Amino acid sequence: MTKILEVNDLMTRFHTTEGMVYAVNGISFHLDEGETLAVVGESGCGKSVTMMSILRLLPMPPAQIAGGTAIYLGQDLLKIPDHEMEHNIRGKEIAMIFQDPMTSLNPVLTIGKQITESLRTHMFMDQAAAERRAVELLEMVGLSDARQRLKAYPHQFSGGMRQRVMIAMALACNPSILIADEPTTALDVTIQAQIVELVIRLREQIHMAIIWITHNLGVVAGLADRVNVMYAGYIVEEANVEDIYEDPSHPYTNALLAALPRVDRRRDRRLKSIAGAPPSLLVEPHGCPFAPRCEYVVERCGMETPRLTPVGRDHAIACWVDIKTGAQR
Amino acid sequence: MAKRGIPDPQPALSKIEGPVSALDELETPILTLSQLAWRRFRRHKMAVAGVIILILLVAYCIGGAFIFSESYANHTDTSLRLQPPAAEHPFGTDTTGRDILARTIYGGQISLLIGLTAMILEITVGVLIGAVTGFFGGWLDNILMRFTEAVLIVPQIFLLLVMAKFFGGNVPNIVFLGREFSGSVIVIVFIIGLTAWPYTARIVRAQFLSIKENEFILAARATGTSTWGIIFRHILPNSIAPIVVAATLGVANAITLEAYISFLGLGVRPPTATWGNMLEGAYNYIDQGVYWLWLFPGLLILFIVLSINFVGDGLRDALDPRSRAV
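Computed from a prediction, not measured in an experiment: that's the story for all the values here. (Residues numbered from 1 in each chain as written. Chains lettered and ligands numbered in written order. Predicted model: local features only at pLDDT ≥ 70, side-chain atom pairs only at ≥ 80, totals over all residues.)

*Asks:* Explain the overall build of chain A residue by residue, including any values.
*Replies:* Helix and strand counts for chain A stand at 10 helices and 12 strands. For chain A, the C-alpha radius of gyration of 21 Å lies close to 20 Å, the compact-globule estimate for 329 residues. With respect to the three principal axes, the spread of C-alpha positions in chain A is 65 × 50 × 40 Å. Looking at the 329 residues of chain A, the share that counts as buried comes to 45%. A separation threshold of at least 6 residues defines the contact pool for chain A, and within that pool the share at least 24 residues apart is 65%. (Helix = DSSP H or I, 4+ residues; strand = E, 2+ residues; numbered from the N terminus. Rg over C-alpha atoms; globule rule 2.2 N^0.38 Å. Buried ≥ 20, exposed ≤ 12 C-beta atoms within 10 Å, placed from the backbone. Contact = placed C-beta atoms within 7 Å.)

*Asks:* Please set out the nonpolar core residue by residue, giving values where relevant.
*Replies:* Counting residues in each nonpolar core, the largest one holds 168 residues, and the members touching the most others are A168(A), I177(A), I211(A) and V236(A). Broken down by element, the residue count for this core peaks at 14 residues, all from helix α5 (residues 100-136) of chain B. Residues within four places of I211(A) in sequence aside, it is in contact with L31(A), L37(A), V39(A), M51(A), I177(A), I179(A) and A180(A). (Core = buried A, V, L, I, M, F, W, Y, C linked by C-beta atoms within 7 Å.)

*Asks:* Quick rundown of the sheet that holds strand β7 (residues 177-181) of chain A? Include the residues and the values.
*Replies:* Residues and elements named next belong to chain A. Judged by pairing direction, the sheet is mixed, and its eight strands sit side by side in the order β6-β7-β8-β3-β9-β10-β12-β11 without closing on themselves. Whereas interior strands pair on both sides, the edge strands pair on one side only; in this sheet they are β6 (94-97) and β11 (309-312). Each strand of the sheet is rotated relative to its neighbour by a mean of 20°, with strand direction disregarded. For β11 and strand β12 (residues 315-317), the ladder comprises three bridges, and the chain directions are antiparallel. (Pairing = 2+ DSSP bridges. Axes fitted to C-alpha atoms, helices over the stretch in contact; angles between N-to-C directions.)

*Asks:* Break down the interface of chain B and chain A for me, citing the residues and quoting the values.
*Replies:* In this assembly, 22 residues from chain B lie in contact with 29 residues from chain A. Listed by contribution, the elements that provide at least two residues to the side of chain B that touches chain A are α9 (215-222) and α10 (227-238) of chain B. With seven residues, the single largest contributor to the side of chain B that touches chain A is α9(B). Within the side of chain B that touches chain A, the residues separate by chemical class into 11 nonpolar, eight polar and three charged. (Nonpolar A, V, L, I, M, F, W, Y, C, P; charged D, E, K, R; others polar.)

*Asks:* Pulling in residues and values, what's your account of helix α1 (residues 47-54) of chain A?
*Replies:* Residue and element names in this part refer to chain A. Burial runs high along α1: eight of the eight residues are buried. All of the buried residues along α1 are K47, S48, V49, T50, M51, M52, S53 and I54. In the segment just after α1, R56 is the residue with positive phi, at about 55°.

*Asks:* Help me get a handle on the packing of helix α3 (residues 111-122) of chain A against helix α4 (residues 127-140) of chain A, residues and values and all.
*Replies:* Residues and elements named next belong to chain A. At their nearest, the axes of α3 and α4 sit 9 Å apart, and the two run at 115° to each other. Crossing of α3 over α4 shows right-handed handedness. For the pair α3 and α4, the contacting residues are G112, I115, T116, L119 and R120 in the first and Q127, A130, E131, R133, A134 and L137 in the second. The class makeup of the residues in the contact of α3 with α4 is five nonpolar, three polar and three charged. (Left-handed = near helix turned anticlockwise from the far one by under 90°.)

*Asks:* Pulling in residues and values, what's your account of the confidence of the model for chain B?
*Replies:* With 85% of its residues at a pLDDT of 70 or more, chain B shows a mean pLDDT of 80. The secondary-structure element of chain B with the lowest mean pLDDT is helix α1 (residues 11-15) of chain B, recorded at 41, while helix α3 (residues 45-63) of chain B shows the highest, at 91. (pLDDT = per-residue confidence, 0-100.)

*Asks:* I'd like to hear about the sheet that holds strand β2 (residues 19-32) of chain A, residue by residue, with values.
*Replies:* Residue and element names in this part refer to chain A. Here we have four strands laid out as an open sheet, ordered β2-β1-β4-β5, and antiparallel in their pairing. Taken across any chain shown, the strands that pair with only one partner, and hence form the sheet edges, are β2 and β5 (75-76). Sheet analysis places strand β1 (residues 3-16) next to strand β4 (residues 63-72), joined by eight bridges and oriented antiparallel. Note on β4: the bridge partner recorded for V7 is A70.

*Asks:* How would you sum up the environment of D82(A)? Please name residues and give values.
*Replies:* You can see D82(A) is positioned in helix α2 (residues 82-89). It is 33 Å that separates the C-alpha atoms of D82(A) and F157(A), two residues lying 75 residues apart in sequence.

*Asks:* Before we move on, could you go through the packing of helix α6 (residues 138-153) of chain B against helix α8 (residues 184-211) of chain B and cite the residues and values that matter?
*Replies:* All names here are of chain B. Interaxial distance between α6 and α8 falls to 9 Å at its minimum, and their mutual angle equals 130°. As the angle between them shows, α6 and α8 are arranged oblique. The two elements α6 and α8 cross, and the hand of that crossing is left-handed. Here α6 contributes T148, V151 and L152 to the contact with α8, which in turn contributes T195, P198, A201 and R202. Across the contact of α6 with α8, the residue classes break down as four nonpolar, two polar and one charged. (Parallel < 35°, antiparallel > 145°, perpendicular 65-115°, else oblique.)

*Asks:* I'd love a proper account of the environment of A134(A), names of residues and values included.
*Replies:* Residues and elements named next belong to chain A. Within the secondary structure, A134 sits in helix α4. Judged by C-beta crowding, with 27 C-beta atoms within 10 Å, A134 ranks as buried. Along the sequence, A134 and V165 sit 31 residues apart, while their C-alpha atoms lie 9.9 Å from each other.

*Asks:* A description of the pairing of strand β9 (residues 226-231) of chain A should follow, citing residues and the corresponding values.
*Replies:* Residues and elements named next belong to chain A. Within β9, six of the six residues are buried, which leaves it mostly tucked inside the rest of the structure. A two-sided burial pattern is seen for β9, the buried positions comprising R226, N228 and M230 on one face and V227, V229 and Y231 on the other. Where strand β3 (residues 36-40) lies against β9, four bridges are found, and the strand directions are parallel. Directly across from A38, in β9, lies its bridge partner V227. Bridge analysis of β9 against strand β10 (residues 234-240) gives six bridges, and the strand direction is antiparallel. Across the sheet, V227 pairs through a bridge with A239, a residue of β10. The antiparallel pairing of β9 with β10 creates a hairpin that spans two residues between the two strands, and A232 there sits at a positive phi of about 50°.

Here you go:
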């Protein structure tokens, strides 16, 4: 497998009136060609900020990328000039879809106009060709009467239909990476399933790599090849999707899975919640971020931040303790 | 529809006639945003009345030109000065014997021209400054907004008078659309346009500040839309409603301001007529019963400003996306 995207030691901070927010604290991961990587973690753990840093979509200031590289096909996305980012990367090589389809489409422009826009700027198509392609795309994402719909406005579409339009827009220029930022969170369960199914079908059709940000571990199981678990701006566990469910090795992943309702467990059992709250990102990180809530905590956790270290094939965790034996590393 | 008294045989069928679109999830017919706005605008009776008066006034100014020539409007004959309204001169004659009816026609053209061009200038400058400050923020915003405030602090009338006095000295006549008129028209357009833009700039800035935070702007950036594409294709169309309203009211404002400075003798120079400069000198005769000097141009100014303001009000309601009245 060739690595299509490699992120190294990415650090993102926000300068706010309350002080520095340490949003992403030196994370490294890679994405192979054609694979689906799920990024899970609770709200505010830096999942979206990481992806938006890579695409340089964060407003700067207040955001600041304090360090790291993001290598896409040999070029560092964090260093290339703005216009190159606009012309050659965003929407063309790396596309992104967002959480809330109700607010992600421009209310005063027709669907057709919004889809053809990127075709015209990136693929230099004329209006007629762009419209033909737009019809094709809308059919690809499963919307009937595509030609008439080009003239429709977003308010005439339901949430699920809008998310399909967003996907069509993202796929317009055949990107090699699709970043999906919680694309199903705002949709109800049946529509969620439809969208996931659609993405799986399209992934096979156009062979792109996907980064799927979510906090829904159920969706992850059916979709992802690999999983990154994030906590407070760190990646704490990185593993194949089977290993995450069968052999969770970080205390946080373990706790997260224990908090998940499962059909194969007794129904009268209470779900376990994780005691405490995530750390304030306003404090400079010191030691393991999960230490205050961790049941395996040892003295070293409060002093040194563990780095991701391999514990098996394609499986790495950032923890000082082996949770199965209780031994320190 | 069914004829009177005879019930529609198949009311259910009539609803699904026409091109049966398979947009099955849509319950209401597709209306574009402008169609929705037009529906709301029609409900606003004063605004519709305003549009009608406005059309009549424009027809008066343009149509009248086919009946009277401009040389007739500017023709002086002191033997006929201060004639009261009569068959020969329906609106009477002025202090140098010119026909007031013909002068209101040609003066109206100039007044409308000043109103429209000053508005275009004002909106262009205002939108550019508002868009740049609202979108980019930072030091640029600081400098430009302090400048805008500085312009706002100086009373507009005062600024207008000083500028009119300063720039209006000796301006050559110009020929435009086959007509020759005083170059002071251009001067007036510029000084009105260049003093009225701060209001537009502030409206546009506020719009940009709020709209740029929307998720669809982020989504547009994620598809590789350039900064100028974001500004002009995504944010500007979303802020068009208040700009249209500001533009409409800007026309009325420009006409009033022109009347004001022309009345004080600093505006458009005779013989080119405007409704404003026709009032100039009328005050010398106000106690002598020469009412026709000020009545007709005064009424026309009143009507046009009122009707434009009604239209602006109607547009404000019709274009407000939060207005739920359909």
